[in-house]
Amino acid sequence: MNLSIEKIINQKLAACFDKLGLDNSFAVVKVSDRPDLSDFQCNGALALAKKEKKNPREIAAQIATELEKDQDFAKISIDGPGFINLSLKDEAIAKILDQIAADKRFGVAKVSEPKKVVMDFGGPNVAKAMHVGHLRAAVIGESLQRIERFFGNEVVSDVHLGDWGTPMGMIIAEIIKQDGNLDKALNYNIDEITEFYKAANLRCKEDEAAKEDARQITAQLQDGNPEYRRVWQHLREASVSAIKKNYDALDIHFDLWLGESDAHKASGEVVKLAEDKGLSELDDGARILRLEESNKPKPPVILIKSDGAFGYQITDIATIKDRVETLKAEEIIYVVDKRQSLHFEQVFEAVDKLGIAKGVKMVHIGFGTVNGQDGKPFKTRDGGVMTLENLIEMSKEKVSESMPSAQEAPEYSQDYIDNLTRQIAVAAIKFQDLKNSIASGYVFDLEDFAKFEGKTGPYIQYAIARINSIIRKAKENNVAFGKIIISNAEERVLALKLLQLNNTLHRALNEYEPSIISDYAYTLAQTFSSFYNASPIISAETPQLAASRLQMAKLVRDVLTLLLYLLGIEAPEVMLKRAENE
Ligand code: ARG
């Protein structure tokens, strides 16, 4: 069942267009720009008149006359040069809403042809602590994978670890420098490994010979040197467990924990393919693939670096080959910092030339940067890099300031309060990340994110918990759920808002944009508030009205819960708040 209100009206309009012999591709409505005048508007008469060189107002009038025969419309009027304004009857709105309330998918159908979608959105690097930049990739990616799955697409998400580049050689070289050999390497824990990486980084910045060393070791590691492989395996495992902990804390999950290294074999095959197709050439010791100069001129793709190792570009190309061949990907979605746009343009173009992903849709969803209030990348209070772990801790601390203690809320256990604190802290971080369009960056300001009012995650969680308590009280007062009746303006506005769910979720899917959902969740919660202020439930004028309002409240609660779920956020049953000091 797909209950899109726009589609329902479009069909009615199209039938009128057909009757009048007009091109029905113009029979399209959208939510009115002037909700005070009408619910929906159709601008099709204008475009149609232009195409057919007719008078738009006349065409609009013909359509309106035809449409008036339909019992579902309360008001049809023509505005300006030929806009058709449409308002539905309250009963028509209520009828559709009843159907939505009765459907467990709220009238949002799955896609008719599900696709196999591979999602690449983690991108953490072995031996490097995850920072707030990695937060965005994961938070946006998790939301997009939930949206894709909700619509019935088959998603396989892959973390695509950075585990095959020069940093690997750098750490191994650094351990050898400090210890004289690799004897102790397998004993180092993740913190020690990270320290080695930091030291290696400093050393390689100043010392060209050290850098060369690291490159050699990387090439040998890739080539299969057994000792290096053993150490690398350990570095990788230690990093993966640390990374998993961070993702788990944020309720972010991957199906596959593959990395750049897993594309090694396919990288060799890609080089061979490029050679066979006459697409590769030697350039200053490196093997490269030139891209079309005709489009936007782009630097060539490096297939093999001059030191003999595979780099970032070929690895991504080879990974696509694997994803198409073994995972049967029909679409591949990358959620990666938008500063890597050129990289993906190069990769996609090379893949095209090589013909390794024919008919596969490839999309790079590039996100903007997270900065501190000084406009620079977000740092800890003492100026260090803000790790993801610190960030989650900080958010929890902030939220716990407004949580009651176990003594203040004796009916709840400390475990319950701790878990609630975590749920709210994660909501604060995630919602902030998903509330603006992906491409724009934002300023990290916990003070702001963790507020319980305004456009925040905790605010939506509160709205849900409040409705839970409204429902509990109504039940105690024997109010039942009933058919929806629209009896006042606030009910009508809320009902129309709920009818926007279908369109909203489709837009979020098609535009790969979770902020469309967060926006809608926020306005829906606000609309509910106005509705509830004007429309009491227990003291409603009639039992039927009480039952209708309770039904609407439940629908809002369930829809908000779904919306939060699609953003990757949990909806606690109850919310607690420390009593304000008088
Ligand atoms: N590891 C990379 C980085 O930290 C991100 C990887 C993104 N995914 C990809 N397939 N290139 O920059």
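Residues numbered from 1 in each chain as written. Predicted model: local features only at pLDDT ≥ 70, side-chain atom pairs only at ≥ 80, totals over all residues. Heavy atoms only, no water.

Enquirer: Kindly report on the packing of aromatic side chains, identifying the contributing residues and their values.
Expert: All chains considered together, the criterion is met by 17 aromatic pairs. Each ring, one from Y247 and one from F254, has its centre 5.0 Å from the other, and the planes form 55°; the classification is tilted. With respect to burial, Y247 and F254 carry one shared label: buried. Taking the centre distance of 5.7 Å and the plane angle of 75° together, the rings of F254 and W257 count as edge-to-face. For F254, a relative accessible area of 10% translates into the label buried. (Phe/Tyr/Trp six-rings, centres within 6.5 Å; stacked < 30°, edge-to-face > 60°. Buried < 20%, exposed > 50% of the residue type's maximum accessible area, 1.4 Å probe, protein only.)

Enquirer: Which residues make up the nonpolar core, and what are the values?
Expert: L505, L560 and L563 are the most contacted members of the largest nonpolar core, which totals 163 residues. Residue contributions to this core peak at 14 residues, all from helix α20 (residues 543-567). Excluding anything up to four places from it in sequence, L563 contacts L501, L505, I517, Y520, A521 and L524. (Core = buried A, V, L, I, M, F, W, Y, C linked by side-chain atoms within 4.5 Å. Helix = DSSP H or I, 4+ residues; strand = E, 2+ residues; numbered from the N terminus. Contact = heavy atoms within 4.5 Å.)

Enquirer: Just give me the short version of the sheet that holds strand β8 (residues 286-289), but keep the residues and values in it.
Expert: Ordered by their spatial adjacency, three strands build an open sheet running β7-β8-β9, and the pairing between neighbours is antiparallel. One side of each edge strand has no neighbouring strand; the edge strands of this open sheet are β7 (280-283) and β9 (301-304). The average undirected angle you get between the axes of adjacent strands in this sheet is 45°. In this structure, β8 lies alongside β9, joined through three bridges in antiparallel fashion. (Pairing = 2+ DSSP bridges. Axes fitted to C-alpha atoms, helices over the stretch in contact; angles between N-to-C directions.)

Enquirer: Describe the site of the ligand, with residues and values.
Expert: Surveying the vicinity of the ligand reveals the residues D120, G123, N125, H134, H160, Y312, D316, Y334, V336, Q340 and F344. Within the backbone of G123, an N or O atom sits 2.9 Å from a nitrogen atom of the ligand. One of the side-chain nitrogen or oxygen atoms of N125 is found 2.8 Å away from a nitrogen atom of the ligand. Taken by itself the ligand offers 350 Å² of open surface, and the protein chains cover 85% of this. Where the shell around the ligand is concerned, the elements lending two or more residues are α11 (312-325) and β10 (331-337). Tallied by class, the residues present in the shell around the ligand amount to four nonpolar, five polar and two charged. (Near = heavy atom within 4 Å. Polar contact = N/O pair within 3.5 Å; in protein donor to acceptor, adjacent residues only side chain to side chain. Areas by Shrake-Rupley, 256 points an atom, 1.4 Å probe, with all protein chains shown as cover. Nonpolar A, V, L, I, M, F, W, Y, C, P; charged D, E, K, R; others polar.)

Enquirer: Before we move on, could you go through the pattern of salt bridges and cite the residues and values that matter?
Expert: Evaluation of the coordinates by the stated rule reveals 47 salt bridges. R323 is the salt-bridge partner of D120, the closest N and O atoms lying 3.1 Å from each other. Of this pair, D120 sits in strand β5 (residues 116-120) while R323 sits in helix α11, and the two are 203 residues apart along the sequence. In this structure, D120 and R323 share a single accessibility class: buried. Between R578 and E408 there is a salt bridge, with the nearest N and O atoms lying 3.4 Å from each other. (Salt bridge = Lys/Arg side-chain N within 4 Å of Asp/Glu carboxyl O.)

Enquirer: Describe helix α10 (residues 264-276), listing the residues and the values that go with them.
Expert: An α-helical segment advances 3.6 residues per turn. Residues three or four places apart therefore align on the same side. Across its 13 residues, α10 extends 19 Å between first and last C-alpha, which sits within 8% of the 18 Å expected from 1.5 Å per residue. The complete set of buried residues in α10 reads A266, S267, V270, V271 and A274. In an axial view of α10, the angular spread of the buried residues amounts to 150°, which keeps them on one side of the axis. Summarising the geometry of α10, the exposed residues directed more than 90 degrees from the buried face are K265 and D276. Looking at the buried positions of α10, the neighbouring elements they touch are β7, β8, β9, α11 and α12 (341-354). Positive backbone phi, approximately 70°, marks G278, located one or two places after α10. (Expected span 1.5 Å × (residues − 1). Arc of directions from axis to C-beta.)

Enquirer: Tell me what's going on with the environment of R290, and back it up with residues and numbers.
Expert: As for its placement among the helices and strands, R290 is situated in the loop between β8 and β9. As a C-alpha pair, R290 and I365 span 75 residues in sequence and 25 Å in three-dimensional space. Sequence-distant contacts of R290, defined by excluding residues within four places in its chain, comprise L279, E281, D283, P300 and K353. At a separation of 3.1 Å, a polar atom in the side chain of R290 contacts the side chain of E281.

Enquirer: Let's hear about the sheet that holds β5: which residues, and what values?
Expert: Consider a sheet: its strands pair through backbone hydrogen bonds, and that pairing is either parallel or antiparallel. Across the sheet, which stays open at both edges, the four strands sit in the order β6-β5-β10-β11 with parallel pairing between neighbours. Strands with a single pairing partner mark the edges of an open sheet, and in this sheet they are β6 (154-158) and β11 (361-367). The sheet shows a mean angle of 20° between the axes of neighbouring strands, direction not considered. Sheet topology note: the β5/β6 ladder contains five bridges and is parallel. Note that in β6 the partner of V117 across the bridge is V155. Packed onto the sheet, α12 meets β10 and β11 and runs at close to 175° relative to β11.

Enquirer: An account of the side chain of D103 is requested, with residue identities and associated values reported.
Expert: Tracing the backbone shows D103 in the loop between α4 (90-102) and β5. Of the side chains with opposite charge, K104 comes closest to the buried, unpaired D103, at an N-O distance of 6.0 Å. Residues within four places of D103 in sequence aside, it is in contact with M1 and V108. (Lys, Arg positive; Asp, Glu negative; His and termini not counted.)

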